[in-house]
Amino acid sequence: MARIKVYIKNKQNHIKIPVGIKMLIRRCCQAVLTTENFEHNTEVSVSFVDNNEIQKLNKIYRNKDCPTDVLSFPLSEGGNYDINQETGFVVLGDVVISLDMAVKQADMFGHSLEREIGFLTVHSMLHLLGYDHETSLLDERIMREKEEEVLDKLGISRDTTYITKEEEE
């Protein structure tokens, strides 16, 4: 099995990152690569930001002047990947997650913050590997099925992570 180095940075300071999130992100990244049979040693960067920062990035890179939950910045072109000359690892790219939005969406969808961050990580990793849900309805369906397959393998599927009434009390 190929190795993965995940560099995680917290660039916001008003939401505490729950214990275990960094390990969850690493597990999600590895699970995507394993599911996709990506056999190269790999590096990826994941950053947590606030809504203001992700809105700036969204405006610059997607011409959308609004916050979003996650942005992916793949570093490949046509299946050709950059190689870190020091490590020999494939550099997939960068993932930027709005922790503000992740908290809001976890609440809105009625599941844990862990499940939401897991989903956003898996979603972004698939983008780094070339999947794009915005190109067609079929591509959207394929990507959604892959997301749920990976999350299910990790035990954080949609069906098993909803918050129950007992947990809220």
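The residue count restarts for each chain, going from 1 along the sequence in the order it is written. Thresholds applied to this predicted model are a pLDDT of at least 70 for local features of residues and 80 or more for the giving and counting of side-chain atom pairs; totals over whole chains, interfaces and linings are not thresholded and use all residues. By convention in this description, side-chain values take in all heavy atoms of the structure and omit both hydrogens and water.

Novice: When you look at the pattern of salt bridges in this model, what are you seeing that I'm missing?
Specialist: Opposite charge on two side chains allows them to pair when their charged atoms are near. By salt bridge we mean one thing: a side-chain nitrogen of Lys or Arg within 4 Å of a carboxyl oxygen of Asp or Glu. Under the criterion given, the structure shown has six salt bridges. Between Glu147 and Arg144 there is a salt bridge, with the nearest N and O atoms lying 3.1 Å from each other. Of this pair, Glu147 and Arg144 both sit in helix H5 (residues 137-153), three residues apart, which is roughly one turn of the helix. By relative accessible area, Glu147 is classed as buried at 0%. Secondary structure elements follow DSSP: runs of H or I no shorter than four residues count as helices, runs of E no shorter than two count as strands, and numbering proceeds from the N terminus. Only protein chains enter the accessibility calculation, which uses a 1.4 Å probe. A residue is then buried if its area is under 20% of the maximum for its type, exposed if over 50%, and partly exposed in between.

Novice: I tried to follow unusual backbone geometry on my own but got confused; where do I start?
Specialist: Where the residue is not glycine, phi is negative for most of them; where a peptide bond is considered, it is trans in most cases. Phi at Asn37 is positive, roughly 55 degrees, even though this residue is not glycine. Relative to the assigned elements, Asn37 resides in the loop between helix H1 (21-35) and strand E2 (42-49).

Novice: Even after reading the chapter, I still don't get the nonpolar core, so can you show me in this structure?
Specialist: A general trend in soluble globular proteins is that nonpolar side chains are found buried together. Membership of the largest hydrophobic core comes to 38 residues, with the highest contact counts inside it found for Val6, Ile25, Val44, Phe48, Leu92, Ile117 and Met125. Residue assignment for this core shows that the elements contributing at least two residues are strand E1 (4-10), H1, E2, strand E6 (90-98), helix H3 (99-109), helix H4 (113-128) and H5. Among residues more than four places away in sequence, those in contact with Leu92 are Leu33, Phe38, Thr42, Glu43, Phe73, Pro74, Leu75, Tyr81, Met125, Leu128 and Leu129. Residue types Ala, Val, Leu, Ile, Met, Phe, Trp, Tyr and Cys, when buried and joined through side-chain atoms within 4.5 Å, form a set referred to as a nonpolar core. Pairs of residues are marked as contacts when any of their non-hydrogen atoms sit within 4.5 Å.

Novice: Just to check I follow, could you spell out the packing of aromatic side chains for this structure?
Specialist: Here the distance between the centres and the angle between the planes together describe a pair of aromatic rings. Pairing of aromatic side chains requires ring centres within 6.5 Å, counting the rings of Phe and Tyr and the six-membered ring of Trp. Pairs whose planes differ by under 30 degrees are stacked, by over 60 edge-to-face, and all others tilted. Considering all chains together, one arrives at two aromatic pairs under this definition. Arranged with centres 5.4 Å apart and planes meeting at 85 degrees, the rings of Phe38 and Tyr81 form a pair that is edge-to-face. Remark: Tyr81 occurs in strand E5 (residues 80-83) and Phe38 occurs in the loop between H1 and E2; sequence separation between them is 43 residues. Under the relative-accessibility criterion, Tyr81 is labelled partly exposed at 22%. Ring centres of Tyr61 and Phe73 lie 5.0 Å apart, and the angle between their planes is 70 degrees; this geometry places the pair in the edge-to-face category. Separated by twelve residues along the polypeptide, Tyr61 in helix H2 (residues 51-62) and Phe73 in strand E3 (residues 70-74) bring together distant segments of the chain. The ring centre of Phe89 lies 4.8 Å from the NZ or CZ of Lys5, which sits over that ring. Should the NZ of a Lys or the CZ of an Arg lie within 6 Å of a ring centre and within 35 degrees of the ring normal, that charge is described as sitting over the ring.

Novice: Can you help me understand the packing of H1 against H5 in this one?
Specialist: The description of two packed helices rests on the angle between their axes and on the distance between the axes. For helices, the axis comes from a line fit to the C-alpha atoms of the stretch in contact; other axes are also lines fit to C-alpha atoms, and the angle between any two N-to-C directions lies between 0 and 180 degrees. Remark: H1 packs on H5, axes separated minimally by 10 Å, with the N-to-C direction vectors making an angle of 120 degrees. Taken together, the axes of H1 and H5 are oblique relative to one another. For the pair H1 and H5, the sense of crossing is right-handed. Counting all contacts with H1, which are made through Cys28, Ala31, Val32 and Thr35, the residues of H5 involved are Glu149, Val150 and Lys153. Under the scheme applied here, ten amino acids are nonpolar (Ala, Val, Leu, Ile, Met, Phe, Trp, Tyr, Cys and Pro), four are charged (Asp, Glu, Lys and Arg), and all others, including Gly, are polar. Partitioning the contact of H1 with H5 into residue classes produces four nonpolar, one polar and two charged. Roughly parallel covers angles under 35 degrees, roughly antiparallel covers those over 145, roughly perpendicular covers 65 to 115, and oblique covers all other angles. It is the rotation of the near helix from the far one that decides the hand of a crossing: anticlockwise by less than a right angle makes it left-handed, clockwise makes it right-handed.

Novice: Could you clarify how one ought to interpret the packing of H4 against H5 in this entry?
Specialist: Direction vectors running N to C along H4 and H5 enclose 130 degrees, while the axes themselves pass 10 Å from each other. Between H4 and H5, the crossing angle belongs to the class labelled oblique. Classified by chirality, the crossing of H5 by H4 is right-handed. Seen from H4, the contacting residues are Arg115, Gly118, Phe119, Val122, His123, Leu126 and His127; seen from H5, they are Met143, Arg144, Lys146, Glu147, Glu148, Val150 and Leu151. Residue classes in the contact of H4 with H5 are distributed as six nonpolar, three polar and five charged.

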